[in-house]
Amino acid sequence: MTTQSADIIRPGACTGQIVFVAGGSGGINLGIAQRYAELGASVALISRSQERVDAAAAEITSRGGIAMGVEADVRDSAAVLQAFEKVHAAYGDIDVVISGAAGNFLAPVIGLSTNAFRTVIDIDLIGTFNVFRSCYDFIAKPGASLIAITAGQAVRPTMFQAHACAAKAGVNLLTQTLAMEWGPAGIRVNGIAPGPIGDTEGMARLAPNPEITERLKSRIPLRDYGTKSDIADLAVFLGSANAKYISGAILDCDGGSILGDASADALAPPKRN
Ligand code: COA
Ligand code: NAP
């Protein structure tokens, strides 16, 4: 029987916060934006498609939240700067910046063109650089919380994922370097490394059928995928005063996946001779 407490994040906890979500039209990042909005924040969703961010923002506002959508490709530094200008003009100083735009697919190195490799580096790493580099004039100082959405591939070589491994490794070191450079201005910079999260485009691409899904789950210490709300709750925590002494951390939210393959059944060990 569980004795875990219920949700400890109180209603209205994020009232007054301004949250900028790069890559916010869907998936995990939209889940973060939805949670912030439900808790009272004003959220701005950024993606390559005005139509998609408008639809996502409309869904949030239909539930009483405050949201706007801005089209910008994170690979385009001028477009990212304009997005910050628009959001700042609408809402004022930004409290939380999420850099979560990413592209990924399964491919062995032999199947990657230079452009394919570069495309993922451009979206994930250059995109995070553009988002973090551009935000400085538009964020609350002191107090802003910058959060990169990274991945376990950053620290764990993963076959068919060389492009994502290289990109997210760069994201981790960029995040931690910025935490050093901007800490004195009262800006915290952290990363969240989700493990496999159910009902996402990422896992639809990496585990495209039920057999692979079950095999992957059998290797996770906690034996299941995570949910978008698992990641959203961690992002809300990192954006809060409760996390005011956390900077430069890459927090795994992955059911223990980063520890390695836990498929052996240690609770039913073989009999000793
Ligand atoms: N295997 C190998 N190469 C691939 C590939 C695959 N599955 N998918 C795309 N590429 C290559 C393309 O062939 C192209 O290289 P080329 O010019 O040498 O032919 C290069 O990658 C760029 O593809 P393109 O479709 O022009 O890029 P894009 O900027 O329009 O889209 C992607 C970016 C490829 C990452 C696309 O999958 C995307 O938009 N992803 C966003 C959603 C996503 O990935 N979600 C999961 C996040 S974890
Ligand atoms: P997703 O739904 O595909 O989300 C990616 C988002 O990025 C979309 O909103 C997409 O919107 C946007 N985007 C892509 N390219 C962009 C660009 N060039 N400029 C601006 N926006 C762009 O994927 P997800 O699975 O939820 O993943 C979200 C994040 O979590 C990613 O950083 C991913 O690496 C990380 N992650 C996911 C998992 C997982 O299990 N899913 C595990 C580890 C890490 P548009 O297409 O509208 O532009």
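Here, the structure is the one placed above.
First things first, this report covers the structure right here in the doc. None of the values given here were measured: they were computed from a predicted structure. Sequence order as written defines residue numbering, which begins from 1 separately in each chain. Written order determines the labels here, with chains lettered from A and ligands numbered from 1. Only residues with pLDDT of at least 70 get local features here, since the model is predicted, and only at 80 or more are side-chain atom pairs given and counted; chain-wide, interface and lining totals rely on the full set of residues. Values shown for side chains rest on all heavy atoms present in the structure; no hydrogens or waters enter the calculation.

**Concerning the site of ligand 1**
- Near, as used in this document, describes a residue that has one of its heavy atoms within 4 Å of the molecule or strand being considered. Of all residues adjacent to ligand 1, which total 16 residues, the nearest are Arg75, Asn104, Ser113, Asn115 and Arg205.
- Method for areas: the Shrake-Rupley scheme with a 1.4 Å probe, in which residue coverage is limited to the protein chains shown. Burial of ligand 1 by the surrounding chains reaches 56%, relative to a free accessible area of 940 Å².
- Helix and strand assignments come from DSSP, with helices taken as H or I runs of at least 4 residues and strands as E runs of at least 2, each series counted from the N terminus. Every element with two or more residues in the shell around ligand 1 is listed here: helix H4 (114-135) and helix H6 (201-206).
- Of the residues assigned to the shell around ligand 1, the class counts are five nonpolar, seven polar and four charged. The classification used treats Ala, Val, Leu, Ile, Met, Phe, Trp, Tyr, Cys and Pro as nonpolar, Asp, Glu, Lys and Arg as charged, and all other residues, Gly among them, as polar.

**A word on the site of ligand 2**
- In the neighbourhood of ligand 2, 30 residues make up the surrounding shell, with Ser25, Ser47, Arg48, Arg52 and Thr200 lying closest.
- Two N or O atoms count as a polar contact when they lie within 3.5 Å, although within protein this holds only if one can serve as hydrogen donor and the other as acceptor, and sequence-adjacent residues are included solely when both atoms are side-chain atoms. Note that an oxygen atom of ligand 2 is positioned 3.4 Å from one of the backbone N or O atoms of glycine 26.
- Between isoleucine 197 and ligand 2, the recorded distance is 2.9 Å, taken from a backbone N or O atom to an oxygen atom.
- Contact with the protein chains removes 89% of the 890 Å² of surface that ligand 2 exposes when unbound.
- Sorting the residues of the shell around ligand 2 by element identifies helix H1 (27-38) and H6 as the ones contributing at least two each.
- The residue makeup of the shell around ligand 2, split by class, is twelve nonpolar, twelve polar and six charged.

**With respect to a nonpolar patch on the surface**
- Together, Leu106, Met159 and Phe160 give the surface a local cluster of nonpolar side chains, amounting to about 340 Å² of exposed area.
- Considering the arrangement of structural elements, one finds methionine 159 in the loop between strand S5 (145-149) and helix H5 (162-182). Patch membership requires more than 30% relative accessible area and the absence of a salt bridge. Residues of like charge join within 9 Å; the nonpolar side chains Val, Leu, Ile, Met, Phe, Trp and Tyr join within 5 Å. Here, a salt bridge means any side-chain nitrogen of Lys or Arg that lies within 4 Å of a carboxyl oxygen of Asp or Glu.

**Examining the sheet that holds strand S2 (residues 42-47)**
- Pairing between strands is defined by DSSP: at least two bridges between them are needed. Reading across the sheet, the seven strands line up as S3-S2-S1-S4-S5-S6-S7 and stay open at both edges, with parallel pairing between neighbours. Each edge of the sheet is formed by a strand with only one pairing partner; in this case those strands are strand S3 (66-71) and strand S7 (250-253). On average, adjacent strands in this sheet sit at an angle of 20° to one another, irrespective of strand direction.
- Judged from the four bridges that link them, strand S1 (residues 18-22) and strand S4 (residues 96-99) form a sheet pairing that is parallel. Bridge pairing in S4 places valine 19 opposite valine 96. Only the stretch in contact is used when fitting a helix axis, every axis being a line fitted to C-alpha atoms; angles between N-to-C directions are given from 0 to 180 degrees.

**Some points on H1**
- By this rule, a helix spans an expected 1.5 Å times one less than how many residues it contains. Counted at 1.5 Å a residue, the expected span for H1 with its twelve residues is 16 Å, and the 16 Å between its end C-alpha atoms agrees.
- Note on classification: 1.4 Å probe, protein chains only; a residue is buried when its accessible area is under 20% of the maximum for its type, exposed when over 50%, partly exposed between these limits. Counting buried positions along H1 yields nine of twelve residues, so the element is predominantly enclosed.
- In the stretch just after H1, glycine 40 is the one whose phi turns positive, near 110°.

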